[in-house]
Amino acid sequence: MAEEMLQEAYATALQKWPVEGTPTNPRAWLITTARHKAIDRIRRERRFETKAEEISRSARSTVQPDTPLENEQDDMVSDDRLRLIFTCCHPALPIEAQVALTLRTVCGVTTEEISKAFLVPLATMAQRLVRAKSKIRDAGIPYRVPLQEDLRDRLDAVLLVIYLIFNEGYLASSGDALIRRELCAEAIRLGRVLCQLLPRQSEARALLGLMLLHDSRSDARLSAAGELILLEEQDRGLWRSEQIREGTALVESALRSGAVGAYAVQASIAALHANAKTAQDTDWRQIAGLYGVLAGIDPSPVIEVNRAVAVAMSGSLEEGLALLDELQERGELREFHWLPSARADLLRRLGRMGEAAEAYRRALALATNDIERKFLRRRLAAIEGG
């Protein structure tokens, strides 16, 4: 672990030092950073072990005479983490409460990170978690490993848990790292185990394909100086072609099996991006159409932002900007930076620099990830500098 954490400290130094300067005592900085990373990992592992023991004890105490023995359940869901996720996603709770409680108690995701994933204020999410725990206590809901025939009732929540773990890893909601690779890797691992457990579930294959396709670009998303590189400017030679082939094959398999849900549509969009040889080859018109389909399946202001950008990139910057302006007038995403950031980029492309600068300032005031903030500052400085 010491060696791994020191390697992570070196990686952090490669991102930070070119921007912030070399510390006075580089050796001490590396050792301190590595030590903090090691402590964080140990705490996460202990938290997971504690929760596993608690849930295991609770499950044993509520086993009914006709419930299969624990080792039979272990054979069904052999992975410890996935078994805990299925156990915590109890259908007696609303799906958002299932997912939020599982992310918090089993996966170690913070309440603030969960609130951003659900686009709600921190206080609102904290209240939801308290209410969910109270319902479990007051209704006597047992934490019991579900039977094989009960897995389907919990699958939607389990898929969403895995998806949100990956999302937090792919684009960290806060902190000094853009990508949390350990979360991406764990989500992909869980996706693989789930596909082995339920091989006929096409949406599970679609989700795994979606994660692999997004993750295939991770090496190209940051410069050597640790600066954010947008999709259209990335070196596609750094994209992992083998992972793209596997992800694309999974998406095609899921679609042939009749997958029509949100993960299948998102994975189709990701496949179009990943298989475009150059940025100019991207089929933005088809992507805009797929975002329209996705908005009908899973309405979300974030999806509407993405659709507006796709419409703009397909040839009509003004139409895309108009869609974003409608969202802004409705007060959507007013606490999040994605909308003003997207507006700023389209205004910049249209040459409306004064309005673009104002939108960049708004996005900068709302962004909480340090890498994204640095990117927004660079864009704003470029505009203000003429």
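Because the structure is predicted, anything quoted here is derived from the model rather than measured. (Residues numbered from 1 in each chain as written. Predicted model: local features only at pLDDT ≥ 70, side-chain atom pairs only at ≥ 80, totals over all residues. Heavy atoms only, no water.)

Participant: Could you give me a rundown of the overall build of the protein chain, with the residues and numbers involved?
Facilitator: Check the secondary structure of the protein chain and you find 18 helices and zero strands. Taken against the 2.2 N^0.38 rule, which gives 21 Å for 386 residues, the C-alpha radius of gyration of the protein chain at 22 Å falls within 12% of a compact globule. Considering only C-alpha atoms, the protein chain reaches an extent of 75 × 55 × 40 Å along its principal axes. Total accessible area computed for the protein chain in this model is approximately 19,400 Å², and 50% of it derives from carbon and sulfur atoms. A distance of 3 Å separates the average location of the 52 positive side-chain charges in the protein chain from that of its 55 negative side-chain charges. (Helix = DSSP H or I, 4+ residues; strand = E, 2+ residues; numbered from the N terminus. Rg over C-alpha atoms; globule rule 2.2 N^0.38 Å. Areas by Shrake-Rupley, 256 points an atom, 1.4 Å probe, with all protein chains shown as cover. Lys, Arg positive; Asp, Glu negative; His and termini not counted. Charge placed at Lys NZ, Arg CZ, Asp CG, Glu CD.)

Participant: Got a sec to walk through the pattern of salt bridges? Specific residues and values, please.
Facilitator: If you walk through the whole model with that rule in mind, you get 29 salt bridges. Linking R189 and D79 is a salt bridge whose minimum nitrogen-to-oxygen distance equals 2.5 Å. On the criterion of sequence distance, the pair formed by R189 in helix α9 (residues 181–197) and D79 in the loop between α3 (70–76) and α4 (80–88) is long-range, its members being 110 residues apart. Under the relative-accessibility criterion, D79 is labelled buried at 14%. Of the charged contacts in the structure, one is a salt bridge between E227 and R378, with a shortest N-O distance of 4.0 Å. Taken together, the residues E227 in the loop between α10 (202–215) and α11 (241–256) and R378 in helix α18 (residues 370–384) connect sequence positions 151 residues apart. Judged by relative accessible area, which is 31%, E227 ranks as partly exposed. (Salt bridge = Lys/Arg side-chain N within 4 Å of Asp/Glu carboxyl O. Buried < 20%, exposed > 50% of the residue type's maximum accessible area, 1.4 Å probe, protein only.)

Participant: Got a sec to walk through the nonpolar core? Specific residues and values, please.
Facilitator: Within the largest apolar cluster, 97 residues are counted, with the highest numbers of intra-cluster contacts made by L82, L103, I162 and L194. Per-element accounting of this core gives the leading share, 12 residues, to helix α8 (residues 151–170). Within the second largest apolar cluster, 12 residues are counted, among which are A262, A288, Y291 and V311. (Core = buried A, V, L, I, M, F, W, Y, C linked by side-chain atoms within 4.5 Å.)

Participant: Could you give an account of the environment of S115, naming the residues involved and the relevant values?
Facilitator: Along the chain, S115 turns up in helix α6 (residues 111–117). S115 gets classed as buried once you look at its relative accessible area, which sits at 3%. When the C-alpha positions of S115 and C195 are compared, they lie 28 Å apart, and in sequence the two are 80 residues distant. Not counting residues within four places of it along the chain, the set of residues in contact with S115 comprises V120, P121, L122 and M125. (Contact = heavy atoms within 4.5 Å.)

Participant: Quick rundown of the packing of helix α14 (residues 301–313) against helix α16 (residues 338–349)? Include the residues and the values.
Facilitator: When two helices pack together, you describe them by how their axes are tilted relative to each other and by the distance separating the axes. Two elements in contact, α14 and α16, have axes whose closest approach is 10 Å; the angle formed by their N-to-C orientations is 10°. Here α14 is positioned roughly parallel relative to α16, judged by the angle of their axes. Of the residues in α16, those touching α14 at V302, V305, V309, A312 and M313 are W338, L339, A342, L346 and R349. Residues that form the contact of α14 with α16 fall into these classes: nine nonpolar, no polar and one charged. (Axes fitted to C-alpha atoms, helices over the stretch in contact; angles between N-to-C directions. Parallel < 35°, antiparallel > 145°, perpendicular 65-115°, else oblique. Nonpolar A, V, L, I, M, F, W, Y, C, P; charged D, E, K, R; others polar.)

Participant: Can you lay out the state of the cysteines for me, pointing to particular residues and giving the numbers?
Facilitator: All told, the structure shown has zero disulfides when counted by the stated rule. Free of any disulfide, C184 has its nearest neighbouring cysteine sulfur in C107, separated by 14 Å. With a relative accessible area of 2%, C184 lands in the buried category. Just so you know, C195 is unpaired, no disulfide at all, and the nearest cysteine sulfur is the one on C89, 16 Å from it. (Disulfide = S-S within 2.5 Å.)

Participant: Give me a positive patch on the surface: which residues, what numbers.
Facilitator: Together, R44, R47, R104 and K133 make up a positively charged patch on the protein surface. For R44, a relative accessible area of 34% translates into the label partly exposed. (Patch = residues over 30% accessible without salt bridge, like charges linked within 9 Å, V, L, I, M, F, W, Y side chains within 5 Å.)

Participant: Would you mind going over unusual backbone geometry in detail, with residue names and values included?
Facilitator: Positive phi is not limited to glycine here, since L119 has a value of about 60°. Counting through the fold element by element, L119 comes out in the loop between α6 and α7 (122–139). Residues other than glycine seldom take positive phi values, yet L333 does so here, at roughly 55°. On the basis of relative accessibility, which here comes to 8%, the residue L333 falls in the buried class.

Participant: Could you give an account of empty space enclosed by the protein, naming the residues involved and the relevant values?
Facilitator: To locate leftover empty space, one rolls a probe as large as a water molecule over the atoms. The final tally for this structure, using the stated rule, is one cavity of 30 Å³ or more. Looking at the largest cavity, its volume works out to about 30 Å³. Together, R44, C107, G108, V109, E113, R180 and L183 line the largest cavity. Among the residues forming the lining of the largest cavity, the class breakdown is three nonpolar, one polar and three charged. (1 Å grid on protein atoms, 1.4 Å probe; cavity = no way out; pocket = protein on both sides within 12 Å on 5 of 7 lines; lining within 4 Å. Points joined across faces, edges and corners; volume = space filled by probe spheres on them.)

Participant: Account for the packing of α11 against helix α12 (residues 262–274), naming residues and giving values.
Facilitator: The geometry of α11 relative to α12 is characterised by a closest axis approach of 10 Å and an angle of 140° between their N-to-C directions. One way to sum up the angle between α11 and α12 is to call them oblique. Relative to α12, the crossing made by α11 is left-handed. Across the interface between the two elements, I244, V251 and L255 from α11 touch A264, A267, S268 and A274 from α12. Residues belonging to the contact of α11 with α12 are distributed by class as follows: six nonpolar, one polar and no charged. (Left-handed = near helix turned anticlockwise from the far one by under 90°.)

Participant: Summarise the side chain of Q266; cite the residues concerned and give the values.
Facilitator: The topology assignment puts Q266 in helix α12. Its relative accessible area of 17% is what places Q266 among the buried residues. A distance of 2.7 Å separates polar atoms of two side chains, one belonging to Q266 and the other to Y163. Ignoring sequence-local partners within four residues, the contact set of Q266 consists of Y163, L210 and L294. (Polar contact = N/O pair within 3.5 Å; in protein donor to acceptor, adjacent residues only side chain to side chain.)

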